[in-house]
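Report on the structure
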Amino acid sequence: MSNAIPGNLHVANDVLADLVGNAALECYGVVGMTAPTAADGIAKILPASRLRRGIVLNNTENGVHVDLYVVIEYGTNINAVSQNLVDAVSFALKNYACVPLDGVDVHVQGIKVR
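All values reported here derive from a predicted model rather than from experimental measurement.

As judged from the 10 bridges shared by strand β3 (residues 63-73) and strand β4 (residues 101-112), these two strands associate in the parallel manner. Note on β4: the bridge partner recorded for L68 is V106. Viewed along the sheet, the connection from β3 through helix α2 (residues 78-97) into β4 turns out right-handed.

Right, dumping it as structure tokens:
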């Protein structure tokens, strides 16, 4: 089909958060997601059913800005894992959801031995 259909498509932030969460958990070195604010300073790994809580999406003029709060595996290179996360999330949002991306920030909340 080469005919364009007029109209707008709106994707809910929860759907985008699911895409981001699944892309993040597939990255090597990522053990899990954490809540953005830990009351007592201890990062707790969230179960896969609640991985949306480790993701904060903000709509800006330039697109969607993503903040990821993750726990990584002990012994992995934090910089390499963070860059892989940025690449995976950017790919998922640009190619699957076709949304403009303003940026991705990775916040390492903890390190865990598997």
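Picking up where we left off.
Per the counting criterion, the structure on display carries 1 aromatic pair. On the basis of an interplanar angle of 85° and a centroid distance of 5.7 Å, the ring pair of F91 and Y96 is categorised as edge-to-face. With relative accessibility at 47%, the residue F91 sits in the partly exposed group. The exposed category is assigned to Y96, whose relative accessible area is 58%.

Conventions adopted
- Residues numbered from 1 in each chain as written.
- Predicted model: local features only at pLDDT ≥ 70, side-chain atom pairs only at ≥ 80, totals over all residues.
- Heavy atoms only, no water.
- Pairing = 2+ DSSP bridges.
- Helix = DSSP H or I, 4+ residues; strand = E, 2+ residues; numbered from the N terminus.
- Right-handed = clockwise from strand over helix to strand, strands pointing away.
- Phe/Tyr/Trp six-rings, centres within 6.5 Å; stacked < 30°, edge-to-face > 60°.
- Buried < 20%, exposed > 50% of the residue type's maximum accessible area, 1.4 Å probe, protein only.

Geometric descriptors of this kind do not, in isolation, establish any biological role.
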